[in-house]
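# Working through the structure, step by step
In case you want the letters, here they are:
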Amino acid sequence: MNLRPETEAVHNANIDPSSGAIVPPIVLSTTFEYETTGNEHAPDELIYTRYQNPNRAALENSLAKLEGGAVAHAIASGSAAMLTIFQALESGCHIVSSDDMYFGIRVQLNEFFAPWGLETSYVDMSDLDALRAAVRPQTKLVIFESPTNPMIRLADIAAIAEIAHASGALLLVDNTVATPVAQNPIALGADIVVMSLTKYIAGHHDVLGGVIIFAEEDGFAERVMRLVRIGGSVLSPMNCWLAARGLQSLAYRVRAHSENARQVACFLAEHPGIERVLYPHHPSHPQYELARRQMRVGSGLMSILVKGGRQPAIDLVNRLKLFTSATSFGGTHSLIEHRESIEESSNTPANLLRVSIGLEHPADLIADLRQALA
Ligand SMILES: Cc1ncc(COP(=O)(O)O)c(C=O)c1O
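Residues numbered from 1 in each chain as written. Predicted model: local features only at pLDDT ≥ 70, side-chain atom pairs only at ≥ 80, totals over all residues. Heavy atoms only, no water.

### Concerning the overall build of the chain
When helices and strands are tallied, the chain shows 12 helices and 12 strands. Referenced to the eigenvectors of the C-alpha coordinate spread, the extents of the chain come out at roughly 75 × 55 × 35 Å. Expressed as a percentage of its 374 residues, the buried residues of the chain come to 53%. Excluding contacts between residues fewer than 6 apart, the proportion of contacts in the chain whose partners are at least 24 apart in sequence is 70%. For the chain, the exposed area adds up to about 16,600 Å²; of that, 53% sits on carbon and sulfur atoms. (Helix = DSSP H or I, 4+ residues; strand = E, 2+ residues; numbered from the N terminus. Buried < 20%, exposed > 50% of the residue type's maximum accessible area, 1.4 Å probe, protein only. Contact = heavy atoms within 4.5 Å. Areas by Shrake-Rupley, 256 points an atom, 1.4 Å probe, with all protein chains shown as cover.)

Set out below in structure tokens:
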């Protein structure tokens, strides 16, 4: 039967044959009895939890299926996912990165990998001519987020995949903000999808995790798999179990986050205290048409530019009652953050607040914003 993603998500775990439990048990054992001694082991034989674990295997299968990939690796965080990809590249490789990535990725590339011999060029991915000019024969990887964090800009995945492939580079898309509910980069030409599971996938502010998904099990995918298993930055059984549980309600949560965010964006876009709302599913966003073409639904992440500069933005955060002043996004609670204060070497405008719209009722969120802006 060809099941839709919502149905697949609920039925992603088999009933436990030893107990009949519908919810899979968490397997904490670090080691597993050998099936035979003195012979070669089958590739899927459980041996040691750093190599594989039943909870990790279940989560990885679900995520690979959801993104249309051949293989997935669940890893300790979204940042560890990117770190592992960079570690798998050889010295002398060149990377073209979006100039608006989660700031930690820029820190990895500039502070740790540049001295290892990985060179990075930063481009605005909405400028395809700039991208064409930046790729070189040594370019191994083109990387970007769409939408970006925190400027909420989009990139045309199919168009960029064509440019990357024409120069012999792999395309890696960070799909954390959009989620597989909104878009599947592999279907649009990406070779690798990375996500922080910490955000929408786990969805409840209680899991740190990441995943790397490959469109094909090629040589590079094999090298990354070996780095994950030999290096050991794997996701723990408990966090795999929690992320797999989050997957079951992902589609419904993302649709609610998106609808709540759309209503909040409409309110804020009309408010005289707000200079601009950055939300791709609001018609004021310069890439609204691309958002409608490329994404099936929005997300709960937006940024707002507050009129008057840095201090009025900080004052707004302090007057809110339902929005928690905290980092991260993608969970049940609405969060708001003055981004420039926490980003290292940031180009983020001083009056920008990043807002993660949660699963509260949108009318309550709007009422809170109205009183705080009054
Ligand atoms: C788009 C994006 N990718 C990756 C990461 C890193 O994820 P993690 O915090 O799980 O390491 C973040 C963190 O905020 C992010 O916003």
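### Points about the domain arrangement of the chain
When its domains are assigned, the chain resolves into domain 1 (5-246) and domain 2 (250-373). The junction of domain 1 with domain 2 conceals about 3,300 Å² of combined surface from both sides, 59% of it contributed by carbon and sulfur atoms. Joining domain 1 to domain 2, the criterion identifies 2 salt bridges. We note a salt bridge from D156 to R293, for which the minimum N-O separation is 3.5 Å. (Domains from an automatic or database assignment. Buried area = accessible area lost by both parts, 1.4 Å probe. Salt bridge = Lys/Arg side-chain N within 4 Å of Asp/Glu carboxyl O.)

### Digging into the sheet that holds strand β2 (residues 94-98)
Pairing is mixed across the open sheet formed by 7 strands, whose spatial order is β1-β7-β6-β5-β4-β2-β3. Looking at which strands have only one partner, the edges of the open sheet turn out to be β1 (71-75) and β3 (119-123). Recorded for the sheet is a direction-independent mean angle of 20° between the axes of neighbouring strands. Alignment of β2 against β3, held across 5 bridges, turns out to be parallel. Within the sheet, the bridge partner assigned to S97 lies in β3 and is Y122. Where helix α4 (residues 103-113) meets the sheet, its contacts fall on β2, β3 and β4 (139-145), and the angle it forms with β3 comes to roughly 140°. (Pairing = 2+ DSSP bridges. Axes fitted to C-alpha atoms, helices over the stretch in contact; angles between N-to-C directions.)

### Thoughts on the pairing of strand β9 (residues 301-306)
Burial analysis of β9 places 6 of its 6 residues in the buried class, the great majority of the element. Here β9 shows two buried faces, one formed by L301, S303 and L305 and the other by M302, I304 and V306. Bridging between strand β8 (residues 274-278) and β9 involves 4 bridges; their strand directions are antiparallel. Of the residues in β9, the one forming a bridge with L278 is S303. With 5 bridges connecting them, β9 and strand β12 (residues 352-356) associate as antiparallel partners. Looking at the pairing, M302 lines up with V355 of β12.

### Section: helix α12 (residues 362-373)
Compared with the 16 Å implied by 1.5 Å per residue over 12 residues, the 16 Å span of α12 between its first and last C-alpha is a close match. Along α12, the positions that sit buried rather than exposed are P362, L365, I366, D368, L369, A372 and L373. For α12, the arc enclosing every buried residue in end-on projection is 160°, short of the 170-degree limit, so these residues lie on one face. Against the buried residues of α12 lie α9 (237-269), β8 and α11 (310-319). (Expected span 1.5 Å × (residues − 1). Arc of directions from axis to C-beta.)

### With respect to the packing of aromatic side chains
A complete count under the given rule lists 5 aromatic pairs for this structure. Plain terms: the ring middles of Y200 and F329 are 6.0 Å apart, the flat faces sit at 55° to each other, and that makes the pair tilted. One end of the pair, Y200, is in the loop between β6 (192-196) and β7 (210-214); the other, F329, is in the loop between β10 (324-325) and β11 (335-338), with 129 residues separating them in the sequence. Every member of this aromatic cluster is reached through a ring pair, and the members are F86, F113 and W116. One cation-aromatic arrangement involves R255 over Y252; the distance from NZ or CZ to the ring centre is 4.9 Å. (Phe/Tyr/Trp six-rings, centres within 6.5 Å; stacked < 30°, edge-to-face > 60°. Lys NZ or Arg CZ within 6 Å of the ring centre and 35° of its normal.)

### Quick look at the pairing of β4
With respect to burial, β4 is a largely interior element, 6 of its 7 residues being buried. As defined by bridge partners, β2 adjoins β4 across 4 bridges and the pair is classed as parallel. By the bridge assignment for β4, H94 is matched with T139. Bridging between β4 and strand β5 (residues 170-174) involves 5 bridges; their strand directions are parallel. Residue pairing for β5: E145 is matched across the bridge by D174. Handedness of the β-α-β unit built from β4, helix α6 (residues 157-166) and β5 comes out right-handed. (Right-handed = clockwise from strand over helix to strand, strands pointing away.)

### As for the site of the ligand
Neighbouring residues of the ligand: 14 residues in total, closest S79, N149, D174, S196 and T198. Measuring from an oxygen atom of the ligand, one finds a side-chain N or O atom of N149 at 2.8 Å. With respect to the ligand, the side chain of T198 contributes an N or O atom lying 2.7 Å from an oxygen atom. Starting from 390 Å² of accessible surface for the ligand in isolation, the protein chains cover 93%. Across the shell around the ligand, the residue classes break down as 3 nonpolar, 8 polar and 3 charged. (Near = heavy atom within 4 Å. Polar contact = N/O pair within 3.5 Å; in protein donor to acceptor, adjacent residues only side chain to side chain. Nonpolar A, V, L, I, M, F, W, Y, C, P; charged D, E, K, R; others polar.)

### Quick notes on the environment of L118
Structurally, L118 can be placed in the loop between α4 and β3. Along the sequence, L118 and V207 sit 89 residues apart, while their C-alpha atoms lie 31 Å from each other. Those residues within four positions of L118 in sequence are excluded, and the remaining contacts are F86, L89, E90, C93, I95 and F113.

### What about the side chain of S299?
Relative to the assigned elements, S299 resides in the loop between α10 (288-294) and β9. A distance of 3.1 Å separates a polar side-chain atom of S299 from the backbone nitrogen of L301.

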